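Topology and contacts: notes
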2 protein chains.
Amino acid sequence: MYSKDELNELITKGVGNLKCNEEAARLYDPVRYMLSIGGKRLRPLLTLMACNIFSDKPEEALMPAIGLEVFHNFTLVHDDIMDSAKVRRNSPTVHEKWSLNQAILSGDVMAFIANEYIALTPQPHFMKVFKLYNNTATEVCVGQQMDMDFENRPFVSLEEYLRMIELKTAVLLATCLKAGSLIGGASDRNADLMYEFGRSLGLAFQIQDDILDVYGNPVVFGKKTGGDILVNKKTFLLIKALELATGAREVRLKELMSSTDFNPSEKISEVTSIYNDLGVKEISESLAADFITSAFAYFRNVSVSEVRKGPLLQMALSMTGREK
Amino acid sequence: MYSKDELNELITKGVGNLKCNEEAARLYDPVRYMLSIGGKRLRPLLTLMACNIFSDKPEEALMPAIGLEVFHNFTLVHDDIMDSAKVRRNSPTVHEKWSLNQAILSGDVMAFIANEYIALTPQPHFMKVFKLYNNTATEVCVGQQMDMDFENRPFVSLEEYLRMIELKTAVLLATCLKAGSLIGGASDRNADLMYEFGRSLGLAFQIQDDILDVYGNPVVFGKKTGGDILVNKKTFLLIKALELATGAREVRLKELMSSTDFNPSEKISEVTSIYNDLGVKEISESLAADFITSAFAYFRNVSVSEVRKGPLLQMALSMTGREK
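Below is a summary of the structure that appears in this document. Treat the numbers as computed from the prediction; the structure is a model and nothing was measured. (Residues numbered from 1 in each chain as written. Chains lettered and ligands numbered in written order. Predicted model: local features only at pLDDT ≥ 70, side-chain atom pairs only at ≥ 80, totals over all residues.)

Attention shifts here to the overall build of chain A. Counting its regular elements, chain A contains 16 helices and two strands. Relative to a compact globule of 324 residues, whose C-alpha radius of gyration would be 20 Å, chain A shows 20 Å and is just as compact. Over its C-alpha atoms, taken along the principal directions, chain A stretches across nearly 60 × 50 × 30 Å. Burial statistics for chain A: of 324 residues in total, 46% are counted as buried. Nonlocal contacts in chain A, meaning residues at least 24 apart in sequence, comprise 74% of its contacts between residues at least 6 apart. (Helix = DSSP H or I, 4+ residues; strand = E, 2+ residues; numbered from the N terminus. Rg over C-alpha atoms; globule rule 2.2 N^0.38 Å. Buried ≥ 20, exposed ≤ 12 C-beta atoms within 10 Å, placed from the backbone. Contact = placed C-beta atoms within 7 Å.)

What follows concerns the interface of chain A and chain B. Taken together, the contact between chain A and chain B spans 30 residues of the former and 30 residues of the latter. The set of elements that each furnish at least two residues to the side of chain A that touches chain B consists of helix H2 (25-36), helix H4 (62-82), helix H6 (100-118) and helix H7 (123-151) of chain A. The biggest single contributor to the side of chain A that touches chain B is H7 of chain A, with 12 residues.

Turning to the relation of the copies chain A and chain B, a few remarks are in order. Each copy superposes on the other: chain A lies on chain B with an RMSD of 0.0 Å after a rotation of 180° and an axial shift of 0.0 Å. Between the two chains, the operation in question is that of a two-fold axis. (Least-squares fit on C-alpha atoms with pLDDT ≥ 70 in both.)

On to unusual backbone geometry. Positive phi outside glycine occurs at Asn90 of chain A, with the angle close to 65°. Note on placement: Asn90 of chain A falls in the loop between strand E1 (87-88) and strand E2 (91-92). By the C-beta count within 10 Å, which is 9 here, Asn90 of chain A ends up exposed. Positive phi values are uncommon outside glycine, yet Ser84 of chain B reaches one of about 50°. Tracing the chain through its elements places Ser84 of chain B in the loop between helix H4 (62-82) and strand E1 (87-88). A count of 11 C-beta atoms within 10 Å places Ser84 of chain B in the exposed class.

Attention shifts here to helix H1 (residues 4-16) of chain B. Residues and elements named next belong to chain B. Between its first and last C-alpha atoms H1 spans 18 Å; for 13 residues at 1.5 Å apiece the expected length is 18 Å, and the two agree. Listing the buried residues of H1 in full gives Leu7, Leu10, Ile11 and Val15. Along the long axis of H1, the arc covered by the buried residues comes to 125°, so they all point the same way. Of the residues in H1, the exposed ones pointing more than 90 degrees away from the buried face are Asp5, Glu9, Thr12, Lys13 and Gly16. (Expected span 1.5 Å × (residues − 1). Arc of directions from axis to C-beta.)

Here it is, written out as C-alpha cells:
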C-alpha cells in the first residue's frame with residue numbers, strides 16, 4: 001500500500017500539472033492561485049486512500065481525485081464572494097485579489113476543469129462516479145443556498161442545521177470516499193458503507209469546526225476564534241444555545257445578536273460565557289462523538305482486511321482529533 | 001423526419017420537466033425563471049435537427065440538447081452579472097430580480113443540471129459528447145474573459161475580435177450540431193463538417209448581431225439600437241472603423257469614445273455617420289457573407305442526401321436572413 005506521503009506527492013504533482021488554456025492567462029491565474037495557496041488536499045487524499053483499500057493502484061483514482069479537489073476549490077471561490085470573505089487560507093480571496101467578475105468566471109471555468117478530470121476516471125467506473133458527482137455537486141449548491149437562507153432567518157432548527165452541513169460539507173467527503181472505493185473495485189455495498197462513513201465523518205468534522213471557532217487554539221486552528229459569534233452565524237452552538245436559553249439569559253443572548261453597536265471582544269466573551277453556562281460545548285462534543293462512533297461503525301462493516309483499512313483509519317482518527 | 005414545430009414541442013416539454021430539488025426552492029426559482037422567459041431555443045433545436053439528419057430518432061438527442069440549453073442559460077446568468085445588465089429578453093436579469101448571490105449560485109447549479117442532462121446521452125456516444133462539451137464550456141469561459149479584457153484595452157485587433165466571438169458564441173453552436181450529429185450516428189468526418197458548419201454560421205451570426213445593434217429595426221431586433229455604441233463595445237464595426245479612420249475622423253471617433261459627458265442619441269448618430277462614411281456596414285456584411293458561404297460549403301460536403309439536409313438548411317438560411 002502507498003503511504004500518505006506518497007499519495008500526497010501524487011496529488012501535488014497532479015495538481016501542479018493542471019492543464020491551462022494559455023490564451024486567457026487572466027482566467028487561469030486565479031485558478032492556479034487558488035490551488036496553490038494551500039489547503040489540506042483532504043478530499044483527493046481521501047479519494048486515493050479509499051481506492052487503495054480495495055486496489056494496489058490508487059493512482060487510477062488520481063484524475064477524479066484532482067477533479068474533486070478542483071470542484072471543492074470552485075465552491076470556495078464562489079462561497080467567498082457570497083460571504084464577502086476577504087481572507088482564505090491566510091491569503092486574500094480571489095475576488096479581493098482580482099475582482100468580482102474575475103472570481104465568478106474563474107470559478108466557472110474550474111467547474112469545467114473538474115469535469116475534464118472526472119472524465120478521466122477509468123472507463124468501467126466512470127458513469128457511476130460521474131452520476132454520483134453530479135448529484136453531489138447539486139447538493140452542495142443546495143447546502144450553500146440553505147446556509148445563506150439561514151442568515152436571514154431568526155430561527156433555524158437543529159434538524160435544518162444538520163441537513164445543511166450534510167449537504168454543504170459531508171456529502172462531498174462521502175463522495176470522495178465512495179468514488180475512490182468504486183474505482184478501486186469495491187462492491188456497491190462496500191462503496192455505500194464508505195459513503196456513509198464519510199458522511200458521518202463530515203458531520204462530526206463540521207460540528208467540531210463550529211466548536212473550534214469558539215474554543216479552538218488560534219495558533220492550531222489557523223484563525224482568530226469568535227468569528228462565527230461576531231456575525232451571528234447559525235452554528236450548532238448558537239442554535240443549541242437559542243434552544244436552551246430561558247429567562248434573562250435568553251433575553252441577553254438575543255440582545256447581543258441584534259445589537260449592531262458592540263465591542264467585538266466583549267460580544268465574543270459574553271456569548272461564550274452563555275455557551276459555557278448552558279453546557280453547549282459539551283452537548284456539541286457529545287453529538288460530534290456520536291457521529292464519529294457511527295462513522296467508525298460503518299467503516300468496520302466494510303468487508304476488507306483490517307490491514308488494508310489501517311492508513312485510512314489513522315487518517316480518520318487524526319481528522320477527528322482521536323489520533324493516538 | 002420531424003418538423004421544426006414537432007422538435008420545438010419536444011424541447012418545450014423537456015425543459016418544462018426540468019428536475020428540481022424541492023428542498024431549496026429559492027435556488028431553483030431563478031433556474032425556472034431563466035428557462036421560462038423565452039429565448040429562441042436555438043441550441044437544442046440545432047442539436048435535434050442535426051441528429052435528425054442522420055437518424056429517424058432525434059428524440060435520442062433530447063436530453064443532451066436540453067443540457068446544452070441549460071449550459072447556455074447558465075452563461076447568460078453569469079454574463080449578465082459581469083456586464084451589469086439589467087434586462088434580458090425583456091425581463092429583469094436574475095441578479096436584478098433576486099440578488100447577486102442568488103444569481104451566482106443559481107448559475108452554478110445550472111452547470112451541474114447541464115451535466116446531469118448530458119449524462120443522459122445514449123451510451124455509445126456519451127464520452128465523445130461529454131469531452132466535446134467540456135472543451136467547449138472551457139472555451140466559452142475563455143471567450144467571456146477575452147470579451148471582458150477587451151473592454152479595458154484601447155486597441156483590439158480584428159483577429160483577436162474574431163477569436164473572441166468564435167469562443168464566446170460560435171463554438172457552442174458548432175458543438176450543438178456536432179453532438180446532435182454524433183448521437184444520430186454520423187461518421188467522425190460528417191460530425192466534424194457539421195461542427196465547422198456551425199462555427200462559421202456562429203461567426204456570421206455574431207457579426208450580423210453587431211450590425212443589427214446599429215442598423216437593425218428595433219421592432220424586429222427586439223431591443224433599442226445603438227447600445228453597443230453607447231458603451232464603446234468593441235464590436236466588429238467599431239474595430240474596423242478604428243482601423244480605417246484617419247485624420248479628423250479618427251480624432252473625432254476617439255473623442256466620442258472617451259467623452260463621459262455626451263447626449264446618448266447624438267453619440268449614436270454621430271458614430272453611425274462615421275461608420276457610414278467609412279463603409280463599415282458594407283465591410284461587415286461582406287465578412288458575414290463570407291462566413292455564410294463557407295458555412296454552406298461545409299454543409300454541402302456532409303455526405304447525406306439533400307432531402308435529409310432540407311430542414312436544417314432552411315433553418316440556417318432563416319438564421320442568417322437568407323430565408324426565401
